[in-house]
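Summary of structural features
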Amino acid sequence: VAATICAVSCSSTTVVSDYDHQAQFSDYSTFAWYAAENQDPRPTMGANQIVDGRIRRALSENLIAKGYSQEAPGAADLEVTYYTSLSSQMRVYSSGWGYGWGYGPRWGFGYSYWPGWNTTSVSTYLEGTIIVDIIDHDKNQLVWRGVITSALSKKSSSEEKINQTVTRVLSD
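So, a few notes on the structure that sits alongside this text. Residue indices begin from 1 for each chain and proceed along its sequence in written order. Under the rules for a predicted model, residues below a pLDDT of 70 receive no local features and side-chain atom pairs below 80 are neither given nor counted, while totals for whole chains, interfaces and linings still include all residues. Where side-chain values are given, they derive from all heavy atoms of the structure, hydrogens and water being excluded.

All right, on to the packing of helix H1 (residues 49-65) against helix H2 (residues 159-171) then. Angle between the axes and distance between the axes are the two parameters that describe a pair of packed helices. Axes here mean lines fitted to C-alpha atoms, for a helix over just the part in contact, with angles spanning 0 to 180 degrees between N-to-C directions. Put simply, DSSP marks the helices as runs of H or I at least four residues long and the strands as runs of E at least two long, and each gets a number from the N terminus on. Axis separation between H1 and H2 bottoms out at 9 Å; the angle between their running directions is 45 degrees. Regarding the angle of H1 to H2, the classification is oblique. In this structure, H1 meets H2 at a crossing whose hand is right-handed. Where H1 approaches H2, its residues Val 51, Arg 54, Ile 55, Arg 57, Ala 58, Leu 59, Glu 61 and Asn 62 are matched on the opposing element by Glu 159, Ile 162, Asn 163, Val 166, Thr 167 and Leu 170. Its residues placed into classes, the contact of H1 with H2 shows seven nonpolar, three polar and four charged. Comment on the angle field: the value is read as roughly parallel under 35 degrees, roughly antiparallel over 145, roughly perpendicular from 65 to 115, and oblique elsewhere. Should the near helix be turned anticlockwise from the far one by less than a right angle, the crossing is termed left-handed; should it be turned clockwise, right-handed. Should any heavy atoms of two residues lie within 4.5 Å, those residues are counted as being in contact. When residues are grouped by polarity, Ala, Val, Leu, Ile, Met, Phe, Trp, Tyr, Cys and Pro land in nonpolar, Asp, Glu, Lys and Arg in charged, and all others, Gly among them, in polar.

This is the structure:
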């Protein structure tokens, strides 16, 4: 479950963000954690509690570094939440070589011989995604979404990797 979280361990990282072009981000100065009604509090769902704390700290630190201050839920301009997912992906590698000779009296006609070999290998890996949503509290409307997806490594849930991931998604 901890591997679900971070996504910066491979060069196949993709970062995408989008925002409401009508939102006046200069009017926002505070943020709080989004408190969804009927939210499932079980720690086995999504990120584990340790990784959840790392993600929340990284998001808070990044938003504070951008000039926002953290407030209690309900008192802030913006509400922040995140979602994680983990999926198994497949890579297929194929390579080969060959040689040949040919004979023919004209272009397009002739005989040839072309031996060679080809090999294909298949590997699976885990890919993690973090989706960060920032919601306008008064309008209850999404104003910014950032998504980062990458292959995971054993160190993906470390504090350093999570900080790098969150910094990268918020800088896009």
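Glancing now at the packing of aromatic side chains. Side-chain rings of Phe, Tyr and Trp, where Trp is taken by its six-membered ring, are said to pair if the distance between their centres is within 6.5 Å; with planes under 30 degrees apart they count as stacked, over 60 as edge-to-face, and otherwise as tilted. Per the stated rule, a full pass over the model turns up two aromatic pairs. Ring centres 5.8 Å apart and planes at 75 degrees place the aromatic pair Phe 25 and Tyr 28 in the edge-to-face group. Among the aromatic residues, ring-to-ring pairing joins Tyr 19, Phe 25 and Tyr 28 into one connected group. To sit over a ring, a charge needs its Lys NZ or Arg CZ within 6 Å of the ring centre and within 35 degrees of the ring normal. Lying over the aromatic face of Trp 33, Arg 56 brings its terminal NZ or CZ to 4.4 Å of the ring centre. A cation sits over an aromatic face here: Arg 91 above Tyr 125, 4.0 Å from the ring centre.

What follows is about the pairing of strand E7 (residues 116-136). Note on pairing: two strands pair once DSSP finds at least 2 bridges between them. Pairing of E7 with strand E8 (residues 141-151), which is carried by 10 bridges, proceeds in the antiparallel orientation. The residue bridging Asp 136 from the neighbouring strand is Gln 141, located in E8. Taken together, E7 and the strand that follows it, E8, pair antiparallel across an intervening segment of four residues, in which Asn 140 is found at a positive phi of about 50 degrees.

Our next topic: the pattern of salt bridges. Between side chains of opposite charge, a pair can form as their charged atoms come close. Each reported salt bridge corresponds to a side-chain nitrogen of Lys or Arg within 4 Å of a carboxyl oxygen of Asp or Glu. As enumerated under the stated definition, the model contains four salt bridges in all. Residues Arg 56 and Asp 52 are paired through a salt bridge, measuring 3.3 Å at the closest nitrogen-oxygen approach. Placement of the pair is Arg 56 and Asp 52 together in helix H1, with a separation of four residues, close to one helical turn. Here the term buried applies to any residue with accessible area under 20% of the maximum for its type, exposed to any over 50%, and partly exposed to those in between, with areas from a 1.4 Å probe on protein chains only. Arg 56 gets classed as partly exposed once you look at its relative accessible area, which sits at 29%. A salt bridge links Arg 54 to Glu 159; the nearest nitrogen and oxygen atoms lie 3.7 Å apart. Placement of the pair is Arg 54 in helix H1 and Glu 159 in helix H2, with a sequence separation of 105 residues. Since its relative accessible area comes to 32%, Glu 159 is described here as partly exposed. A cluster of three or more residues bridged by salt bridges with shared partners is formed by Arg 54, Arg 57 and Glu 159.

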